[in-house]
Amino acid sequence: MDSSVYVFVEDLRGEGVERVLDRITGYGAAGVTVGAVHHGSRDVTPHGLSRLTLRHDGAHFVPPGDLFSGLRLAPVPGHLDAFDGLREACAKRGLKLHGWTVFLRNLTLGTRHPDVTVRDCFGDRGSLTDLCPAHPDVREYAVALARSVARLGVDSVVAESLHFRPLRAERSFVPLGPMDNYLFGLCFCDYCMRRATDLGVNAEVAREECARIVGGVFDGDPAAQGEVTRAALTAYAGPDVVAYARARSETVTTLVSEVASAVAGEGSKLVFIDYTGSVKGYRDGLPTPGLAAHDAWQLGVDLVALGDLVPAFGVLAYARDAARVADDVGAYLRSVGKDREVRAILRPGYPDSDSTDRLVAKARGAKAAGAFAVDFYAYGLVPHPVLDRIPSALGEAT
């Protein structure tokens, strides 16, 4: 069974490439998935050079000049030497090298070019971190970025945030329910509305309905309760809003298709990660009831369509329960096709795994459900004793 460990470039810089790769080899992992392009964050790093690591938006390699010549958006420079000699160091140990790439989550680019970010139903651009996948400049940037990472000689380009993202306000003292939050997070920029209109959707009515409903909650109306489903959304917001939400899948599917083709053209392959599993279980490892594959449409992800276009998928199996991990993997395989490569991404420690036995059970469940690989997230975020659970999990999964 294939496997890898997710690693940040700050881990390699702080502990040294040789030391990190030797540890990962010792775990029995078949590869390493290194953050080639990442977003800004502030992370507790228990064995890092700094115990609180501040990450900045950045591409951690020198972008090929020919790919971005004439483009409006270009990668934010990060640690430009991070991949120097890395492929050779991995090959020496028999490790595969995967390039983890965060595509459309970039506050630096959004701040410089706010017009390429999502615009809500009130006309505001309050989510500068989120680049809109419908914007032509963003789409050109994503394709060029994918080619850049593929040219590093990686075995795969692992795509994160290559779709719409949910709204996550840092502070909100308005009791928005899940459906209100979803409506507030829909993008109504000119390009999204034009694409929806071309598909026969009354985009302006959809925008007006979202503004009316969310504005009502802001004015004191009771928030809607319950999970976001198409049926519940139809009853709450009407068919035009649901049709508008469906139309977003065309935007994402065509973009992912372009990126997958670009990666293949550079001799690598795309692994597509859908963020839904994180939306459902990131905070506590207790995901909300609906399976991630069934709710991916909320982010514009049509897994059935992507199954014909993308060779591999990563499932964010952020759950404490082994049965839930197996159910999520199985649902993805049924959606994308049994011949697709599905990789279960597990967190070896808090908040999902409180013991080696629990991690082992989840790895076993993923394999039984048909997972091609089990990957572990992430090296620098968890203590060494927690990482030491990985060999047992891989021993059961192989």
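Before reading on, note that the structure itself is shown above.
Residues numbered from 1 in each chain as written. Predicted model: local features only at pLDDT ≥ 70, side-chain atom pairs only at ≥ 80, totals over all residues. Heavy atoms only, no water.

Participant: Before we move on, can you summarise the overall build of the protein chain with the specific residues and values?
Facilitator: Within the protein chain, the secondary structure is distributed over 18 helices and 13 strands. Overall, the C-alpha framework of the protein chain stretches about 60 × 50 × 40 Å when taken along its three principal axes. By residue count, 58% of the 398 residues in the protein chain fall in the buried class. Sequence separation of at least 24 residues holds for 77% of the intrachain contacts in the protein chain that already meet a minimum separation of 6. Total accessible area computed for the protein chain in this model is approximately 15800 Å², and 51% of it derives from carbon and sulfur atoms. Placing the 43 positive and 50 negative side-chain charges of the protein chain at their respective mean positions leaves the two points 3 Å apart. (Helix = DSSP H or I, 4+ residues; strand = E, 2+ residues; numbered from the N terminus. Buried < 20%, exposed > 50% of the residue type's maximum accessible area, 1.4 Å probe, protein only. Contact = heavy atoms within 4.5 Å. Areas by Shrake-Rupley, 256 points an atom, 1.4 Å probe, with all protein chains shown as cover. Lys, Arg positive; Asp, Glu negative; His and termini not counted. Charge placed at Lys NZ, Arg CZ, Asp CG, Glu CD.)

Participant: Can you lay out the nonpolar core for me, pointing to particular residues and giving the numbers?
Facilitator: Grouped together as the largest cluster of nonpolar side chains are 125 residues, with contacts concentrated most on Ile-24, Phe-103, Leu-162, Leu-183, Tyr-244, Val-259 and Leu-270. Tallying contributions element by element places helix H11 (residues 239–265) first for this core, with twelve residues. When residues no more than four places from it in sequence are discounted, the contact partners of Ile-24 are Val-5, Val-7, Ala-29, Gly-31, Val-32, Leu-95 and Tyr-379. Counting residues in each nonpolar core, the second largest holds 13 residues, with Ile-273, Ala-312, Tyr-318 and Ala-378 among its members. (Core = buried A, V, L, I, M, F, W, Y, C linked by side-chain atoms within 4.5 Å.)

Participant: Can you explain the state of the cysteines? Please cite residues and give values.
Facilitator: Here, disulfide denotes a covalent bond that connects the sulfur atoms of two cysteines. Under the counting rule described, the total for this entry stands at zero disulfides. The cysteine Cys-189 is free of any disulfide, with Cys-187 supplying the nearest cysteine sulfur at 3.6 Å. In this structure Cys-189 comes out as buried when scored by relative accessible area, which is 3%. (Disulfide = S-S within 2.5 Å.)

Participant: Now, about the layout of surface pockets: what can you tell me, with residues and values included?
Facilitator: Its boundaries defined by the atoms lining it, the second largest pocket holds a volume of some 210 Å³. Taken together, 13 residues line the second largest pocket, and the ones lying closest to its centre are Arg-230, Trp-297, Val-301, Asp-302 and Leu-303. Elements represented by at least two residues in the lining of the second largest pocket include exactly H11, helix H13 (292–295) and helix H14 (303–307). By residue number, the principal contributor to the lining of the second largest pocket is H11, which donates three residues. The class makeup of the residues in the lining of the second largest pocket is seven nonpolar, three polar and three charged. (1 Å grid on protein atoms, 1.4 Å probe; cavity = no way out; pocket = protein on both sides within 12 Å on 5 of 7 lines; lining within 4 Å. Points joined across faces, edges and corners; volume = space filled by probe spheres on them. Nonpolar A, V, L, I, M, F, W, Y, C, P; charged D, E, K, R; others polar.)

Participant: I'd like to hear about the side chain of His-38, residue by residue, with values.
Facilitator: On the secondary structure map, His-38 appears in strand S2 (residues 31–38). Apart from residues lying up to four places away in sequence, His-38 is in contact with Phe-8, Arg-55, His-56, Asp-57, Gly-58, Trp-100 and Val-102.

Participant: Explain helix H7 (residues 178–185) residue by residue, including any values.
Facilitator: Across the eight residues that make up H7, a large majority, six, are buried. Buried within H7 are the following residues: Met-179, Asp-180, Tyr-182, Leu-183, Phe-184 and Gly-185. Structurally, H7 contributes buried residues whose contacts are with helix H9 (203–218), helix H10 (230–237) and H11.

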